[in-house]
Amino acid sequence: MRSSAAVVVVLCLLVCGLAAVGEAAAVAVGDEAALRAGLAVAVDPSWRFPSRRLRDAYVALQSWKQRAIFSDPKNLTADWVGPAVCNYTGVFCAPLPRGVPGAGELAVASIDLNHGDIAGYLPPELGLLSDLAVLHLNSNRFCGVLPATLRRLRLLHELDLSNNRFVGRFPAVVLELPALRFLDLRFNDFEGAIPPEIFDRPFDAIFLNHNRLRSPLPDNFGNSPASVIVLADNSFGGCLPASIANMSDTLNEILLINNGLTSCVPPEVGSLREVTVFDVSFNELQGPLPPEVAGMRKVEELDVAHNHLSGTVPDAVCTLPRLKNLTVSYNYFTGEPPSCGRVVKPDGDRRNCLPNRPAQRTPQQCAAFYSHPPVDCAAFQCKPFVPAPPPPPPAYPGPLPPVYPMPYASPPPPPRYR
């Protein structure tokens, strides 16, 4: 069993590498040429498909099954046989919504192969599934790079490729999907920089944690309208952007755990009045915990543990009305108001420099830390906060009214001289 599993792994890595080369060539010659490979899938001439789009779906799914799936231990694709693609396991059809070409026609709207443990890669023919709204493939063994032909999925709303073995630079193709709102690429091996454009897209949820992404967070980070952003366990370094204040009306949860952030905590985080979870633990953040954090009136979980923060924990933070759990352990705080006892768990403040608290750092460690000059947050040269520009005024609904010539206005009479 172990030897056969090893063969599958080696085969997957080898073919996914070849698929990546083929994908690069496909990008060079264009999507249409990349999709011509679908002609290799035999289609019985006696079959009658309800529409061309369902025939295209058959070609896409059979190309995937026959050429790009190497192992399917749960036999999820065993019934992918024949023209009735809407009866395939994990494939769901629905009438096209109003406002799109072919509205009312039956189309493949969703594919869900979550937790299938399937080994393989994503072939270019998946671009034929142009009516797809949901693609869920988490917890499999898909590898290689994402095909550029996915840009044809103009209706795709949810894309979950988490917990697979995808590689390469951040897949820019996801930025070309106009309807995409939910993006989950966590637990893969994507590398390089996060393109700033991702924070200008109208995503509602962004999950990129546990990859190999590097480079500082871009200054337009705060442009994102997402309600949930999870970027944990990547190597960003640099500043926690002050532009985060522009997320004040939309952000509910943000996890920037173990991202190598090295700046101070910007006071602008206090503008996050809708946030419920704020976690920047396991970084190298320095300076005080700004009192502006008390502006997070709805926060329930606040974690700044495992940083280099110093000074006193602000009383206004500990008395936040909805705060349930405040974790400040493994820092260098020297003061903690009594009000913090309500929200700090017994070990939630350990390894600080707090008097009369258990499990603190040694006096020598605290003295060594405070022997250095106070942190100058300006020295990190983080870009200052710039408020987002107001939205443009709505366009006038209809043609502009005619402009009539104004009659010449007579000048006012001269003042009376005295």
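Since this is a predicted model, take the numbers as computed values, not measurements. (Residues numbered from 1 in each chain as written. Predicted model: local features only at pLDDT ≥ 70, side-chain atom pairs only at ≥ 80, totals over all residues. Heavy atoms only, no water.)

**Section: the nonpolar core**
Link 1 in the chain: Counting residues in each nonpolar core, the largest one holds 92 residues, and the members touching the most others are Trp 64, Ile 111, Ile 198, Leu 231 and Phe 278.
Link 2 in the chain: Going through the elements one at a time, α3 (52–68), β3 (106–112) and α4 (315–318) are the ones with two or more residues in this core.
Link 3 in the chain: It is α3 that provides the largest number of residues to this core, a total of eight residues.
Link 4 in the chain: Not counting chain neighbours up to four residues away, the residues in contact with Phe 278 comprise Ile 244, Ile 254, Val 269, Leu 272, Met 296, Val 299, Glu 301, Leu 302 and Asp 303. (Core = buried A, V, L, I, M, F, W, Y, C linked by side-chain atoms within 4.5 Å. Buried < 20%, exposed > 50% of the residue type's maximum accessible area, 1.4 Å probe, protein only. Helix = DSSP H or I, 4+ residues; strand = E, 2+ residues; numbered from the N terminus. Contact = heavy atoms within 4.5 Å.)

**Description of the state of the cysteines**
Link 1 in the chain: In total, this model carries five disulfides according to the counting rule given.
Link 2 in the chain: In this model, Cys 264 is linked to Cys 377 through a disulfide, with the two sulfur atoms separated by 2.0 Å. Around the S-S axis, the bridge from Cys 264 to Cys 377 shows a dihedral of about -90° and counts as left-handed. Of this pair, Cys 264 sits in the loop between β14 (253–255) and β15 (277–279) while Cys 377 sits in the segment after α5 (363–370); the two residues are 113 residues apart in sequence, bridging distant segments of the chain.
Link 3 in the chain: Here Cys 318 is linked by a disulfide to Cys 340, with a sulfur-sulfur distance of 1.8 Å. (Disulfide = S-S within 2.5 Å.)

**Here we look at the sheet that holds strand β18 (residues 308–312)**
Whether parallel or antiparallel, the strands of a sheet pair through hydrogen bonds between backbone atoms.
Link 1 in the chain: Read across the open sheet, the three strands follow the order β16-β18-β20; overall the sheet is parallel. The strands lining the two open edges of the sheet, one partner per strand, are β16 (286–288) and β20 (332–335). Neighbour to neighbour, the strand axes of the sheet diverge by 10° on average, direction disregarded.
Link 2 in the chain: Two elements, β16 and β18, share three bridges in a ladder whose sense is parallel. Bridge pairing in β18 links Gln 286 to His 308.
Link 3 in the chain: Set on the sheet, α5 makes contact with β18 and β20; between it and β20 the angle comes to about 100°. (Pairing = 2+ DSSP bridges. Axes fitted to C-alpha atoms, helices over the stretch in contact; angles between N-to-C directions.)

**Comments concerning the side chain of Asn 140**
Link 1 in the chain: Following the sequence through the fold, Asn 140 ends up in the loop between β5 (134–136) and β6 (141–144).
Link 2 in the chain: Owing to a relative accessible area of 6%, Asn 140 belongs among the buried residues under this scheme.
Link 3 in the chain: In terms of polar contacts, Asn 140 uses its side chain to reach the backbone carbonyl oxygen of Leu 137, at 2.9 Å.
Link 4 in the chain: Look past the residues within four positions of Asn 140 in its chain and what remains in contact with it is Leu 113, Asn 114, His 115, Gly 116, Asp 117, Ile 118, Asn 163 and Asn 164. (Polar contact = N/O pair within 3.5 Å; in protein donor to acceptor, adjacent residues only side chain to side chain.)

**Focus on the pattern of salt bridges**
Link 1 in the chain: Tallied over the full model, the rule gives 13 salt bridges.
Link 2 in the chain: As a salt-bridge pair, Arg 151 and Glu 176 come within 3.0 Å of each other at their nearest N and O atoms. Of the two residues, Arg 151 is situated in the loop between β6 and β7 (158–160) and Glu 176 in the loop between β8 (165–169) and β9 (182–184); the sequence distance between them amounts to 25 residues.
Link 3 in the chain: Residues Asp 349 and Arg 357 are paired through a salt bridge, measuring 2.8 Å at the closest nitrogen-oxygen approach.
Link 4 in the chain: With relative accessibility at 33%, the residue Arg 357 sits in the partly exposed group.
Link 5 in the chain: Because the salt bridges share partners, they merge into one network encompassing Arg 53, Glu 105 and Asp 131. (Salt bridge = Lys/Arg side-chain N within 4 Å of Asp/Glu carboxyl O.)

**What about the packing of aromatic side chains?**
Link 1 in the chain: One pass over the full model with this rule turns up twelve aromatic pairs.
Link 2 in the chain: Centroid distance Trp 64 to Phe 142: 5.7 Å. Interplanar angle 35°. Geometry classified as tilted. Taken together, the positions of Trp 64 in helix α3 and Phe 142 in strand β6 put the pair 78 residues apart, joining distant regions of the chain. Judged on exposure class, the residue Trp 64 and its partner Phe 142 are both buried.
Link 3 in the chain: An angle of 5° between the planes, with centres 6.4 Å apart, marks the rings of Phe 166 and Phe 190 as stacked. Residue Phe 166 is located in strand β8, and its partner Phe 190 is located in strand β10 (residues 189–192); the two are separated by 24 residues in the primary sequence. As far as the burial class goes, Phe 166 and Phe 190 line up, both buried.
Link 4 in the chain: Positioned above the aromatic ring of Phe 207 is the side chain of Arg 186, whose terminal nitrogen or guanidinium carbon lies 4.5 Å from the ring centre.
Link 5 in the chain: Geometry around Tyr 332 places Arg 361 over its ring, the cationic atom sitting 4.1 Å from the centre. (Phe/Tyr/Trp six-rings, centres within 6.5 Å; stacked < 30°, edge-to-face > 60°. Lys NZ or Arg CZ within 6 Å of the ring centre and 35° of its normal.)

That's the geometry; what it means functionally is another story.
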